[in-house]
Amino acid sequence: MNNSSLPVAIIGGGPAGLAAAAHLSKRGHSFLLFESGEKLGNHFLDYAHVRLFSTWEYNIDEAAKYLLEKNGVELPNPDELPLGGEIATKYLQPLGNLPELKPFIYLNSKVVHTARKGFDKVKSKGREDAPFELHVESSNQEVQRYYARAVIDATGTWQQPNPLVSGGLIEKSSSNIHYRIPDILHEDRKTFENKRVLIIGSGHSAFHSILELAKLKTKAPNTEITWMIRRSNIEEIMGGGDNDQLPERGALGTRLKQVISDGAVNVYTSAVVQSLRKSNGNRVIVHADVQGEPMTSGPYDEVIANTGSRPAFQFLSEIRYTADPALESVPALAPLIDPNVHSCGTVRPHGEKELRQPEKDFYIIGAKSYGRAPTFLMATGYEQARSVTAYLCGDEKAAERVELHLPETGVCSTNPPVLEIQLVNNNSCCS
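Residues numbered from 1 in each chain as written. Predicted model: local features only at pLDDT ≥ 70, side-chain atom pairs only at ≥ 80, totals over all residues. Heavy atoms only, no water.

Chemist: Would you mind showing me how to read the sheet that holds strand β15 (residues 302–305) here?
Modeler: The pairing of strands in a sheet happens through backbone hydrogen bonds and is either parallel or antiparallel. Across the sheet, five strands lie side by side as β8-β15-β9-β10-β11; this open sheet has parallel pairing. Looking at the sheet topology across the chains shown, the edges are occupied by β8 (177–178) and β11 (266–268). Direction of pairing for β8 relative to β15: parallel, over a ladder of two bridges. Bridge pairing in β15 links Ile 177 to Val 303. Sheet contacts for helix α5 (residues 204–219): β9 (196–200), β10 (224–228) and β15; angle to β10, the most-contacted strand, approximately 165°. (Pairing = 2+ DSSP bridges. Helix = DSSP H or I, 4+ residues; strand = E, 2+ residues; numbered from the N terminus. Contact = heavy atoms within 4.5 Å. Axes fitted to C-alpha atoms, helices over the stretch in contact; angles between N-to-C directions.)

Chemist: Explanation requested: the environment of Ile 365 in the structure shown.
Modeler: Here Ile 365 is to be found in the loop between β16 (362–364) and α9 (378–392). Taking the C-alpha atoms as reference points, Ile 365 and Val 388, separated by 23 residues in sequence, lie 8.7 Å from one another. In this view, Ile 365 contacts Ala 16, Ile 152, Asp 153, Ala 154, Leu 355, Gln 384, Ala 385 and Val 388; residues no more than four positions away in its chain are not counted.

Chemist: Please explain the pattern of salt bridges as it appears in this structure.
Modeler: Side chains that differ in sign of charge can pair as their charged atoms come close. Evaluation of the coordinates by the stated rule reveals 16 salt bridges. Here Asp 361 makes a salt bridge to Lys 360, at a shortest N to O gap of 3.2 Å. The class of Asp 361 is buried, set by a relative accessible area of 18%. In this structure, the salt-bridge partner of Arg 386 is Glu 383, at a minimum N-O distance of 2.8 Å. (Salt bridge = Lys/Arg side-chain N within 4 Å of Asp/Glu carboxyl O. Buried < 20%, exposed > 50% of the residue type's maximum accessible area, 1.4 Å probe, protein only.)

Chemist: Looking at this structure, how should I read the packing of aromatic side chains?
Modeler: Describing an aromatic ring pair means giving the distance of the ring centres and the angle of the ring planes. Inspection of every chain in the model, using the stated rule, returns nine aromatic pairs. Residues Tyr 370 and Phe 376 carry aromatic rings whose centres are separated by 5.1 Å and whose planes lie at 80° to one another, so their mutual orientation is edge-to-face. Grouping aromatic residues by their ring pairs yields a cluster made of Phe 34, Tyr 106 and Tyr 146. Over the aromatic face of Tyr 66 sits the side chain of Lys 26, whose NZ or CZ is 4.7 Å from the ring centroid. Just above the ring of Tyr 300 sits the side chain of Arg 196; from NZ or CZ to the centre is 5.6 Å. (Phe/Tyr/Trp six-rings, centres within 6.5 Å; stacked < 30°, edge-to-face > 60°. Lys NZ or Arg CZ within 6 Å of the ring centre and 35° of its normal.)

Structural measurements only, silent on function.
If you want it as structure tokens, here you go:
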């Protein structure tokens, strides 16, 4: 089998995967794209109601823009902030429907195994001459094999949420523990109004949930909001405010500071959840260590777990890949994005060279390249896709010419100030 005549296989129909497809198409190189969901941009539809903090300017890839304009597709206003659902319906799905891409996109197609044809992970001799073999399961559970000269893994992390309980223990599923961003003010309003609600997590998803609950509380005053975070200094996660080059991202933290100062939210810092149990009324009681002391909190009617997510590697068991032992990111990126070190989100330019894996012509791009780190922006994935596809098409100069310009967060300080707020008594018990 002549590998050079084979397509590049792209796993994942999100922003980074479709950007890779657009770049390959623009360069006249063949590809196959496999998306496990029934629609492109499937995970954006899970939080269709959430307003993103980056404008369309940062959310559309240049090669994708070229193809869309070539086909007469009207693009959104670059200065507007899209909803999550609009990323799918106004960008990714129209892109995937273009004649240059649509014939080579397979929906409801889950890649369940990837390997070199005839090789397990151990065997080396002749390995790089063998094509990649992908086992793809369709919605009717039939599995077909496809062959490729290269593989780009752009599967993201969204469908693998981090557990609530410390140590990574996965708790039993429960209808009142929500591993998503609920539509609190509309579709899910009855679930949360006048309820005791606990939010766990310290990222922008948690910010959104708290702010929506605070709005709900103005209409349903018996709604009680409690927030637990592992950080000891809450100011570290509040963002850069007016100094943030993405104004809406900065405004999130500013609005959150205000609702906390107004007393709408009970806050536990340095909180590590040790276990959960259910009360007789099926409410959730939380056992946690708070500032080093054991505490029981609750019961809560609903728990929102905005705890981030992690990559999945099961389908790569016979591929020679490496990941940072802590973040599960591409190793070269780990020092740049480690939340233990900084939270500013500023990442130096990087591309194909930094994304290389021990398995030649196999790459992990997009949110998955960041592993468990929470600071990924779509613009980063687009530049990764451009650089990697340029290299796979033989244009090494273009691959090396990496230009990544991310908006500054305004929080790149090693000693952030302490936010002066009234925290709840950490020794308070359940009621």
